[in-house]
Amino acid sequence: MSKIFIISGNKKVLICPRFIYCRISFTTSTNFNVDGNVLNAEPHGNDRALLKLKPVQDPLAILQDMQQRDSLVDSDTYASILQRCKLLPEGKLVHTHIIQSGFKPNMYLGNTLVNMYTKCGSLEDALRVLEEMPKRNAVSWTVIIAAYAKNGDSEALKLYYCMRKTGVQPNQFTFASVLPACCNLGTLEQGKEIHLDIIKSGFLSDAFVGSALLDMYVKCGNIEDARQVFDDMLERDVVAWTSMIAGYARHGLVEEALVLFRKMPERNVVSWTAIIAGCAQHHYFGKALKLFRRMPERDVVSWNAMIARCAQRGYSAEALKLFEELKMRGVIPDSDTFSGVLLACTNLIALEQGKEIHEEIMMRDLMSDVFLGNALVDMYAKCGSIEDAYQVFDKLPKRDVVSWTTMISGYAMHGLVKQAICLFEQMQESGTTPDSVTFIGVLSACSNAGLVDAGRQYFDCMSRVYHMKPVMEHYCCMVDLLGRAGRLEEAVDFINKMPTIPNAVIWGSLLSACRIHCNVELGEQVAEYIFELEPRNPTPYLLLLNIYAGAGRWDDINKVRRMMKDRGIKRKGGCSWIEVNKHMHTFVVGDRSHSQTQEIYAKLETLSGQMREAGYVPETKFVLNDLDNEQKDQILCHHSEKIALAFGLINTSPGTAIRILNNLRVCGDCHSAIKFISKIVSVEIIVRDASRFHHFKDGLCSCGDYW
C-alpha cells in the first residue's frame, strides 16, 4: 500500500492512505511525496487547501477515518465519496451522515446524491432527493429523467413536463435523455412536442440531439419524419447514418437502406451489422451474406447477428457453417453466439451437433446464463431428447418463468401429460408465477391427451387465480381440446361465446377436428369461414380435401382442386429431414435425387414385405386421388418420412435411435407403418411433425394413437 507523507520543513507526517480528500493547514508552499513522487500544492484561502489524494474503493472507510480525525468535510468531499459508492447501502449511509451532521447540501451535492441513487437503482430515493432540493438546475432533472427513460418508465416524460413548469430550461443532454422514453413507450405525439421544444431551444443543430430525435421517429414507426430529420442535420455522424439505415431495414425498406448505406461516408462495425441484419430479416439473404463477406472487420456481435438471422429465417444449415467459420477465424463465441447456433440445431433437429454445442458451453463456463440454459432445454426437447432436456433443466443454477415454461411445453410436445402437469404444480409451489405462454403449454398437454375437464380447470384458473385475460392462443387450445375429443358442438358453442372475433387459426383448429371425426357438413361451413378470412392460405383447402377423401367424395375433391387452381393456391409438399453423421439430409415425396436412391427404395420394398407379413394394411383413404388400390399403395410407400426412415436405417448402426423432422402433420398411414417398422427393426423412431412428437417403439406410439 502506498504511503503518503506531508513534508513541511524538517517534519514528515504519515497520512492514512485510504483518504481521498482531506483538509490540511499550512502557510507556505508544501510538497507532497507519494512513494518518491513530489507533488506541489499552493496555499488556498485562510491557510487551507483541498488535497486530492489517491482514489480508493472503500467510501465508508474514508468517512470513518475522517470522523475519527475530526476532519472538516465540505460539499466536494461528500460528492467525491458519493461518486465512489457502488452499492445502495453505502450510498444511504453517506447520505445519512450528511443529514446527521447538519450539513446543508448545495445544488452540486444534491445532484450528486440524485446521480448516486439512480446508479444504485433506487429511483424512488433519487426522486425524493430531487423533490427536497431547494434549487434545481438542468443537470438535476436530466439525471433522473435519463434514469427513468432507460427503464422505459413513463415517469421520464412526466418529469420532463414538470421540469418545464418549474421554469428550468432543458439542455441538449435533457433532450437526448427524454427522447428514448418516447421510443420505449411509443408516444409519437409527445415526441413531436419535444421536437418543437428542441427547435425553440435552438438545439436542433446539436449532433447528439439530432441522432436521438432521428432514433425516436424511427422507433415510433414514422420513417418519413425520421428521414426529414436526417436530411436537415447539418452534421451527420456515423450514429445518425446507422440509425437511418437501421430504420429503413426495420420497416422492410431494404432497397432504401442499401442506397443510403452505399452513400455513407464512413462505416463502422455497427453500421455494417445493421444493414446485414436488415437484409437477412427481409428475405435478402444472398445480399446479406455477400455484405457479411465484404465486412472489413467482423466482431463477435456481427457474427452473432448473421448466425441469428440465418437461424430465424430458415437458413439453419448456413448458420451452423458460419459458426464453424467463426471458430476457425479465432473469434471467441459468447452467450448470444451459442443461442443462435442452438436455435439452428433446434430447427434441424440436429441433436448430435446440439450436444457438441452443449459441451462447448460447459467448457466456456457459460451455464450460469439462464437464457442460454433455457435455449439448451428447448433444443433438447425439440430435437426429441426430452430426457436430456430435463437433465439440463434440473441442473439450472437459476430458473425463471421461461425455464419452467420451456420444460412444460417440451413435455406437452412429447405427449408426456402427467409430467407436464406435475411440473406446472411444482412451478407454482416454487413461487414462480406462470405467464400466458405457460398456460399455452399446459393446455396443449391436456389437448394431446384429451383431458377435457382438466383443460377447462386450467383455462378458468388463468383468470380466476392469476387474473390473466386469455388471448387467441388460449382459445385455440380449448377449441383443439374439445374438437379432438369429438365434442364438436361444444367447440362451436365455445367459439360463439368468445369475447373476441375468432381468427382463421381458431377456425382451423375446428376444421382439423372435422377431418379427424369425418364431419363433412361442419367441415364445409368452417372451411368457408377460413376462405373468407385467409383466401391465400393453402391449409384449409388441404384439410377439406382430406375430409372429402375420407368420405370418398371425389367430385367435391375435384371442385376444391379447381378452386385452388383458379385462386393460384399451391399445395405445400411434404418434406422430411434426418441427421446422420452430423449431416442433414432432406427428402420430399417420391424423392429420387439422393445418391443412395437405389438402396433406399430397395430397403422400402423389403420393409413393405415385412410389414404386410406382420399384418400391416395400407390406409388408402389418405390418398387424395381416385386411383386403384395398387397405385394408392405405391404413393403411400413413397411419402417423405418413409424415405427418410429407410435412409436412416441404411446409414446407422443397429439399435441407434432415428429422429425425423416432418414439415406436415404425419399422415395416418405413415403413423401406422412406422409403428410396424419400429417393432420389426427393434429401433426407437422419433418423428417431429408440424404439431408434436411421436415416439415409436415396439409397435406402439407415445401418442396412444390420439393426435
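This structure is a prediction, so every number in the text was calculated from the model and none was measured. (Residues numbered from 1 in each chain as written. Predicted model: local features only at pLDDT ≥ 70, side-chain atom pairs only at ≥ 80, totals over all residues. Heavy atoms only, no water.)

### Regarding the overall build of the protein chain
Within the protein chain, the secondary structure is distributed over 35 helices and twelve strands. By residue count, 50% of the 707 residues in the protein chain fall in the buried class. Taking the intrachain contacts of the protein chain between residues at least 6 apart in sequence as the baseline, contacts between residues at least 24 apart amount to 61%. Carbon and sulfur atoms form 51% of the exposed surface of the protein chain, whose accessible area is close to 34,600 Å². (Helix = DSSP H or I, 4+ residues; strand = E, 2+ residues; numbered from the N terminus. Buried < 20%, exposed > 50% of the residue type's maximum accessible area, 1.4 Å probe, protein only. Contact = heavy atoms within 4.5 Å. Areas by Shrake-Rupley, 256 points an atom, 1.4 Å probe, with all protein chains shown as cover.)

### Notes on the sheet that holds strand S11 (residues 693-697)
Across the sheet, which stays open at both edges, the six strands sit in the order S8-S7-S9-S10-S11-S12 with mixed pairing between neighbours. Looking at the sheet topology across the chains shown, the edges are occupied by strand S8 (583-588) and strand S12 (700-701). Where strand S10 (residues 685-688) and S11 come together, four bridges link them in antiparallel fashion. Bridge pairing links Ile-686 to His-695 in S11. On top of the sheet, helix H35 (residues 668-681) reaches S10, S11 and S12; it is set at about 35° to S11, its chief contact. (Pairing = 2+ DSSP bridges. Axes fitted to C-alpha atoms, helices over the stretch in contact; angles between N-to-C directions.)

### Regarding the pairing of strand S7 (residues 575-580)
With five of its six residues buried, S7 lies for the most part within the structure. As paired elements, S7 and S8 share six bridges and run antiparallel to each other. For Cys-575, the partnering residue across the bridge sits in S8 and is Val-588. Here S7 folds back onto S8 in antiparallel fashion, the turn holding two residues, of which Asn-581 has a positive phi close to 55°. Strand direction decides the pairing type here: S7 and strand S9 (residues 658-662), joined by three bridges, are antiparallel. Directly across from Trp-577, in S9, lies its bridge partner Leu-661.

### Details of the nonpolar core
Note that soluble globular proteins tend to have their nonpolar side chains buried in a common cluster. In this structure, Ile-194, Met-216, Ile-275, Ile-276, Met-306 and Leu-510 are the most contacted members of the largest nonpolar core, which totals 176 residues. Other than its neighbours up to four places away in sequence, Met-216 contacts Leu-179, Cys-182, Cys-183, Leu-188, Gly-191 and Lys-192. (Core = buried A, V, L, I, M, F, W, Y, C linked by side-chain atoms within 4.5 Å.)

### Here's the deal with the environment of Arg-487
With respect to the helices and strands, Arg-487 occurs in the loop between helix H26 (472-484) and helix H27 (488-496). Among the residues examined, Arg-487 registers a relative accessible area of 32% and is labelled partly exposed. With 30 residues separating them in the primary sequence, Arg-487 and His-517 have C-alpha atoms 9.8 Å apart. Setting aside chain neighbours within four positions, we find Arg-487 in contact with Val-452 and Leu-482.

### Concerning the side chain of His-639
Within the secondary structure layout, His-639 lies in the loop between helix H33 (629-637) and helix H34 (640-651). Ignoring any residue separated from it by four or fewer positions in sequence, one finds His-639 in contact with Cys-667 and Cys-670.

### Thoughts on the packing of aromatic side chains
Taken as a whole and judged by the stated rule, the model has 22 aromatic pairs. Plain terms: the ring middles of Tyr-160 and Tyr-161 are 5.5 Å apart, the flat faces sit at 70° to each other, and that makes the pair edge-to-face. The class for Tyr-161 is partly exposed, based on a relative accessible area of 24%. Aromatic side chains Phe-459 and Phe-494 sit 5.7 Å apart centroid to centroid with 70° between the ring planes, which places their arrangement in the edge-to-face category. With Phe-459 in helix H25 (residues 452-464) and Phe-494 in helix H27, this residue pair connects regions lying 35 residues apart in the sequence. Of the two residues examined, Phe-459 and Phe-494, each falls in the buried class. What links up through ring pairs into an aromatic cluster is the set Tyr-160, Tyr-161, Phe-175 and Phe-203. It is Arg-236 that lies over the ring of Phe-230; its NZ or CZ is 4.6 Å from the centre. (Phe/Tyr/Trp six-rings, centres within 6.5 Å; stacked < 30°, edge-to-face > 60°. Lys NZ or Arg CZ within 6 Å of the ring centre and 35° of its normal.)

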